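What the coordinates show
Take a look at the letters that make up each chain.
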Amino acid sequence: VAQAHRFAPGREDQFLDDYRAAYRKEADQDSRLFPGTLEMLGQLRQAGCRIGLVTSKNARGTARAIEATGLTGMLDCIVTADDVEHYKPHPEPLEKAMAKLQVTPAESLYVGDSAYDVDMAQRAGVTMVGVSWGARTREELELICPDGVVGNWQEFLKTISS
């Protein structure tokens, strides 16, 4: 909604309808994981970590993407835009995920790729690691993400184990 307001002030509803239609058309073809994601999640699960997904996507599109990418059964909690009243960067989505996972901000680590993710994590009091293969470059994230930025899952696993 914030992006709709930013890019189409006064026409937010039409912007969202058009965006969702285009997304549905392309999403199934574009749903793919960054290399090593399933292996990394498997390692975290073996280590006893609970894993949640917080997304600005709706529940139906998220379910399709999870199935298409093989993430089914890998997530302990999913919070979509349909589950909250306030979207990123408001902390509600992350707070809802922590409540479902029964963890505190101090026990949590959020991984994201955008300024909205950084802002949400900071407002929720959660450490965040930025990933440089998404919405922002590594250089852009390093300017706004004080907790660290990684370029691949191996670097991420090294960062969290130290």
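If you're wondering where the values come from, they're calculated on a predicted model, not measured in any experiment.

Cut-offs and rules
Residues numbered from 1 in each chain as written. Predicted model: local features only at pLDDT ≥ 70, side-chain atom pairs only at ≥ 80, totals over all residues. Heavy atoms only, no water. Helix = DSSP H or I, 4+ residues; strand = E, 2+ residues; numbered from the N terminus. Buried < 20%, exposed > 50% of the residue type's maximum accessible area, 1.4 Å probe, protein only. Lys, Arg positive; Asp, Glu negative; His and termini not counted. Salt bridge = Lys/Arg side-chain N within 4 Å of Asp/Glu carboxyl O. Contact = heavy atoms within 4.5 Å. Axes fitted to C-alpha atoms, helices over the stretch in contact; angles between N-to-C directions. Parallel < 35°, antiparallel > 145°, perpendicular 65-115°, else oblique. Left-handed = near helix turned anticlockwise from the far one by under 90°. Nonpolar A, V, L, I, M, F, W, Y, C, P; charged D, E, K, R; others polar.

Let's talk about unusual backbone geometry
Most peptide bonds are trans, and most residues other than glycine sit at a negative phi. Following lysine 88, the chain continues to proline 89 via a peptide bond in cis, the omega torsion being 10°. Inspection of the secondary structure puts proline 89 in the loop between β2 (77-79) and α5 (92-101). Within the chain, glutamine 102 stands out as a residue other than glycine whose phi angle is a positive 60°. With respect to the helices, strands and loops of the structure, glutamine 102 is situated in the loop between α5 and β3 (109-112). A residue is classified by how much of its surface remains accessible, and glutamine 102, at 66% relative accessible area, is exposed.

Here's the deal with the side chain of glutamate 92
Here glutamate 92 shows up in helix α5. Put simply, glutamate 92 is tucked away with no salt bridge, and the nearest opposite charge, on lysine 96, sits 5.4 Å away. Residues in contact with glutamate 92, not counting those within four places in the same chain, are Val84, Glu85 and His86.

A few points about the packing of helix α3 (residues 37-46) against helix α8 (residues 153-161)
At a closest axis distance of 10 Å, the pairing of α3 and α8 adopts a crossing angle of 20°. Here α3 is positioned roughly parallel relative to α8, judged by the angle of their axes. Crossing of α3 over α8 shows right-handed handedness. Counting all contacts with α3, which are made through Thr37, Met40, Gln43 and Leu44, the residues of α8 involved are Trp153, Phe156, Leu157 and Ile160. Looking at the contact of α3 with α8, its residues break down into six nonpolar, two polar and no charged.

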